[in-house]
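Descriptive analysis of the structure
Listed below, chain by chain, are the residues.
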Amino acid sequence: MTHALETIAVRSVLTEPLHRVLGWMLSHRDGEGAIVCPFHRIEHTGKSAGAAVLACTLARHDPEADHEALLGVARQQARRMVARLEREGESTCFTFRPGRHDPYNCSNSVIDGGACSDALAEVVQTFGDRLVPEEREAFVRASVLGAQTYLRYCVLDKGIPAQKAWALTGVAQAHALSGHEVLELTVREGAAILDGLTRPDGSVPYHPVEGGAGHPGASDASAFYQSRVTAFLAFALERAGLDPAAGPWRDQLERGLDFLVGLIGPDGIKPGLVEAKPWYWGANYEVASHPFDVYALSVGVRHFGRRDCARALRASWKAWVDHLGADGAPTSHRAGRGREASYQCPVFWAGHASWAARALPTL
């Protein structure tokens, strides 16, 4: 009995910050259920997708949660995503709006598409037996259509490794729903492409010079983006039914983890000087990327048994939680003299918290 109570207490400590973040996101819904960013006055659909994933993961891993309420959140945001899937003019591609179509979205169609195809699949995987057949069919169709007509080409053609990897998450989840062989082949090919873009020390350039970077500095490593390639690739491999620890991608994943662990200090903070896009941030560090770090480090623990990843995982998680507002609004850094607001907004960072939620079992 004592052990069971201790387990519940530990789980509550881990899930409480995530419930708080989700609650903050939902406090910005309009009458139609859209999460409207208070900073950009727009529905960041790719980040609302994160709210759906947060609801799903909390339903899976927090037996004390209100599962009916979480189902309602996941269903509502999934409907929003389906409603925002549109054909790109006369193209055969379908993308989730606003994507690149509204500058105030501060994102693009690859990122939003990867997040939405992934999230729709997550809702079906978590609550499938609770959805009415027509609803489930709509969620599956939208996830697969976005991946089949658009995302699988982005994996091959996009120049930025982190965007290729984010597209992979949607492709792999659509494969999990549909079993379409071409989507599994895309995951395999994407892994090989990302391996070729990963440097011997495990760092991944934000934008390889060969791919058309506008400035040589863009080909630098990025503490903000580093963990995304590792996290997204490992996730995609798992969802496509491939073992991250047993294929040709193992060395790449381990090298990526090596570089990530080397960035993280004992306090869980990474140095802002190792950054291809320093203009994103209003301070000399950021914790906005920590949810991706947490998931990537959980891969190191689960698949490779790495103690260095376990230590970094605990520190990274704690630093991220320590920067949350009492209302659940994430921050990228603490206020201080000479510090300013960052380029991205808290709605972005709240949506990204879903990746930390996916690491709950390891945490």
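Placed above this text is the structure.
Described below are features of the structure shown in this document.

**A short note on helix H6 (residues 161–178)**
Taking 1.5 Å per residue as the helical rise, H6 with its 18 residues ought to reach 26 Å, and the 25 Å between its terminal C-alpha atoms agrees with that figure. Counting buried positions over the 18 residues of H6 gives 15, a clear majority of the element. Just beyond H6, the residue with positive phi is Gly179, at close to 75 degrees.

**Regarding the pattern of salt bridges**
Tallying each qualifying case throughout the model produces 25 salt bridges. We note a salt bridge from Arg60 to Glu122, for which the minimum N-O separation is 3.2 Å. Of this pair, Arg60 sits in helix H2 (residues 45–61) while Glu122 is found in helix H4 (residues 109–127), placing the two residues 62 residues apart along the sequence. A relative accessible area of 40% places Arg60 in the partly exposed class. Here Arg97 ties to Glu86 by a salt bridge, and the two come within 3.7 Å at their closest N and O atoms. Taken together, the residues span a long stretch of sequence, with Arg97 in the loop between strand S2 (94–96) and H4 and Glu86 in strand S1 (residues 85–87) at a distance of eleven residues. Connected through shared salt-bridge partners, Arg60, Asp118, Glu122, Arg239 and Arg358 make up one network.

**Some details on unusual backbone geometry**
Pro98 follows Arg97 through a cis peptide bond whose omega is 5 degrees. Relative to the helices and strands, Pro98 is located in the loop between S2 and H4. One non-glycine residue, Arg41, adopts positive backbone phi at about 55 degrees. Given the relative accessible area of 67%, Arg41 is considered exposed. One non-glycine residue, Cys106, lies in the positive phi region at around 55 degrees.

**Focus: the packing of aromatic side chains**
Enumeration over the complete set of coordinates arrives at 17 aromatic pairs. Seen from their ring centres, Trp281 and Trp349 are 6.5 Å apart, and the 35 degrees between their planes marks the pair as tilted. With Trp281 in the loop between helix H9 (250–263) and helix H10 (290–304) and Trp349 in helix H12 (residues 346–357), this pair connects stretches of sequence that are 68 residues apart. A residue is classified by how much of its surface remains accessible, and Trp349, at 5% relative accessible area, is buried. Ring geometry for Tyr295 versus Trp355: centroids 5.2 Å apart, planes at 80 degrees, classification edge-to-face. With Tyr295 in helix H10 and Trp355 in helix H12, this residue pair connects regions lying 60 residues apart in the sequence. Note on Tyr295: relative accessible area 3%, which makes it buried. Site record: aromatic cluster; members linked through ring pairs are Tyr206, Phe224, Tyr225, Trp279, Tyr280, Trp281, Tyr343 and Trp349. Note that Lys47 overlies the ring of Phe348, its terminal NZ or CZ placed 4.6 Å from the centroid. The aromatic ring of Phe224 is capped on one face by Arg228, whose charged end is 4.4 Å from the ring centroid.

Reading the values: the criteria
Residues numbered from 1 in each chain as written. Predicted model: local features only at pLDDT ≥ 70, side-chain atom pairs only at ≥ 80, totals over all residues. Heavy atoms only, no water. Helix = DSSP H or I, 4+ residues; strand = E, 2+ residues; numbered from the N terminus. Expected span 1.5 Å × (residues − 1). Buried < 20%, exposed > 50% of the residue type's maximum accessible area, 1.4 Å probe, protein only. Salt bridge = Lys/Arg side-chain N within 4 Å of Asp/Glu carboxyl O. Phe/Tyr/Trp six-rings, centres within 6.5 Å; stacked < 30°, edge-to-face > 60°. Lys NZ or Arg CZ within 6 Å of the ring centre and 35° of its normal.

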